[in-house]
Amino acid sequence: MRDWQNSVIYQVYPKSFHSHRGEATGDLLGVVAKLDYLQWLGVDYVWLTPFLRSPQHDNGYDISDYYAIDPSYGTMADCELLIDEAEKRGIKLMLDIVVNHTSTEHPWFQQARTSLDNPYRDFYIWRDQPNNWQSKFGGSAWDYEAQTGQYYLHLFDHTQADLNWDNPQVRAEVFKMMRFWRDKGVGGFRLDVINLISKPADFPEDPSDGRRFYTDGPHVHQYLQEMHREVFAGHDLINVGEMSSTTLEHCIRYSRPESRELSMTFNFHHLKVDYVNQQKWVVANFDFLALKRILSEWQVGMQAGGGWNALFWCNHDQPRVVSRFGDDKEHWAASAKMLGTAMHFLQGTPFIYQGEELGMTNPGFDHIKQYRDVETLNIYRLKREAGESESSSMATIMQKSRDSARTPMQWSDEANAGFSSAKPWINMAANASQITVKSQLDDTDSVLHHYRRLIALRRNEPLVKDGLYRPLLLDHERIWAYLRDGVGERLLVVNNFYGSECAIELTEEILEGYTIQRNVISNYPDCLPLTGRVLLRPYESFVVHLSQL
Ligand code: TEU
């Protein structure tokens, strides 16, 4: 197995990364063109969201051919070139595998829908009557197929039909496809909503949306162990499972090496701290104490159970973190750096989503015509049908839409921020020509250089990987502080999550007989005097190395 515990992974959303061909959407050659940048940044893996053939109802998470490149992204030769060129720079490609569902345009579904006894019928999940489960993108999770008079299950859009993993032929096809990509030379897989693949046989009604029955479902561990045997065993691959609404106990099982399932797991509990009663589609401030508590519980719990976390603030489904938990105006740079530090010193493998390393912000689009995402458009329609006003619907969408993360990567102050010579498929933020790679490369005090230092530090500070996580001051309403303890040495990580000054006492209780040896990283140029009472400036963050006396 590759050393996933020492790696940093960069997520590329190829549709919005770089268009080599000068079109509205990015392409694989556009990623090749930017590999030198990724090498300079220092990342080990690049996870690309799906670029396989797809009608693109959900930007590639609706695959219609697992063996072909979508023409909008280029050709198989471009993909091979990307794998080779990345390898030359010490970077491995991580492929996004979407196998909870396929597009309804996939030939399997096209076959399955034709008759009740078609050999592919059992590749999907059919019922005479729907139960009351809800799609994660709004509305019923079932759609009627008139030709055969039954309903098929879709936990996401109605163009994304759920595969029936209880059918051994489905599993055999999935593993065969993964071996095909493994043998092409990809270095790992990101497995889309992989904890949803096993549904209970009886499809019970649910007062909620049904997730309690299919999340971490009855045979999921067995199927992942089978995947491990069939695809991963004996190969140099790292694998991260995207776990929707999961639990700590299950994630320990998924990611403990002894389980022979996955290398690590993503979970989203820390990103629901600005939901209200589990509801995403309402405007809300984030609950800082809950954020600290949840991340701390996962750190402590995964360490105790021998599991491994994938660490992240951002991805293509989440609003930009600097706009969400930081300050995208007055304290933009300080807060973007503070958030980077707070995440990167946790135990786990950090994922950086394109543009996060620049402090890219939410674009704040205020008209529904500026949005493209299937989930956002569904929710807008449902809200308006339910009588919610235009302004209230849009206020929520501006804060919560996935499209906020999907605006093009900002390379330079050229046209379209250097993303493409053509008008992009989605608008850019108003600040697109200011927050760019070009402007930050020359400025060693930039957010970009801070992220580069965070990546490099991971290799030089073994405590980042191995140190025992211990939260401090858990009830403090503004500061998130923690220790990473080793033998006779430790890191102290302190982050002010707010835009006002705030004092912290470095008491003997915290220092426990240790003394500060050196500064590791900070986000203000001048370092604080680190004794006794420390006054943290807005969004100030620092890490120091301590040794026992
Ligand atoms: O996302 C899974 C998922 O459930 C969420 O992150 C989802 O976007 C969110 O709950 C909506 O509120 C994965 C992919 O990352 C996402 O882009 C796909 O749309 C989804 O699976 C379906 O394949």
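Check the entry above for the structure.
Residues numbered from 1 in each chain as written. Predicted model: local features only at pLDDT ≥ 70, side-chain atom pairs only at ≥ 80, totals over all residues. Heavy atoms only, no water.

*Asks:* Give a detailed account of the side chain of D78, specifying residues and quantitative values.
*Replies:* Tracing the backbone through its elements, the reader meets D78 in helix α3 (residues 76-88). Within the buried set, D78 has no salt-bridge partner at all; the shortest N-O distance to an opposite charge, 5.6 Å, is to R21. The contact partners of D78, leaving out residues within four places of it in the chain, are L28, L29 and Y73. (Helix = DSSP H or I, 4+ residues; strand = E, 2+ residues; numbered from the N terminus. Buried < 20%, exposed > 50% of the residue type's maximum accessible area, 1.4 Å probe, protein only. Lys, Arg positive; Asp, Glu negative; His and termini not counted. Salt bridge = Lys/Arg side-chain N within 4 Å of Asp/Glu carboxyl O. Contact = heavy atoms within 4.5 Å.)

*Asks:* Please set out helix α7 (residues 220-232) residue by residue, giving values where relevant.
*Replies:* Residues of α7 that are buried: V220, H221, Y223, L224, E226, M227, H228, V231 and F232. Contacts made by the buried residues of α7 are with α5 (168-184), β11 (188-191), β12 (238-242) and α8 (248-255).

*Asks:* How would you sum up the site of the ligand? Please name residues and give values.
*Replies:* Within the structure, the ligand sits among 17 residues, and D58, D192, D317, E375 and R402 are positioned closest to it. Interatomic distance of 2.5 Å between a side-chain N/O atom of D58 and an oxygen atom of the ligand. The separation between an oxygen atom of the ligand and a polar side-chain atom of D192 is 2.8 Å. In the complex, 91% of the free accessible area of the ligand, which totals 490 Å², lies under the protein chains. Considering only residue class, the shell around the ligand consists of four nonpolar, three polar and 10 charged. (Near = heavy atom within 4 Å. Polar contact = N/O pair within 3.5 Å; in protein donor to acceptor, adjacent residues only side chain to side chain. Areas by Shrake-Rupley, 256 points an atom, 1.4 Å probe, with all protein chains shown as cover. Nonpolar A, V, L, I, M, F, W, Y, C, P; charged D, E, K, R; others polar.)

*Asks:* Tell me about empty space enclosed by the protein, and name the residues and values.
*Replies:* Per the counting criterion, the structure on display carries four cavities of 30 Å³ or more. Approximately 100 Å³ is the volume found for the largest cavity. Together, N267, H270, L295, W298, Q299, N309, A310, L311, F312, M343 and L346 line the largest cavity. Among the secondary structure elements, those contributing two or more residues to the lining of the largest cavity are α9 (288-305) and β14 (310-311). When residues in the lining of the largest cavity are grouped by element, the largest group, three residues, is from α9. Classifying every residue of the lining of the largest cavity by side-chain character gives seven nonpolar, four polar and no charged. (1 Å grid on protein atoms, 1.4 Å probe; cavity = no way out; pocket = protein on both sides within 12 Å on 5 of 7 lines; lining within 4 Å. Points joined across faces, edges and corners; volume = space filled by probe spheres on them.)

*Asks:* Explain the packing of helix α12 (residues 374-385) against helix α13 (residues 390-400) residue by residue, including any values.
*Replies:* Between α12 and α13, the shortest axis-to-axis distance is 10 Å and the interhelical angle comes to 155°. Between α12 and α13, the angle is such that the two are roughly antiparallel. Where α12 crosses over α13, the handedness of that crossing is right-handed. In this structure, α12 contributes T376, Y380, K383 and R384 to the contact, and α13 contributes E390, S393, M394, T396 and I397. Within the contact of α12 with α13, the residues separate by chemical class into three nonpolar, three polar and three charged. (Axes fitted to C-alpha atoms, helices over the stretch in contact; angles between N-to-C directions. Parallel < 35°, antiparallel > 145°, perpendicular 65-115°, else oblique. Left-handed = near helix turned anticlockwise from the far one by under 90°.)

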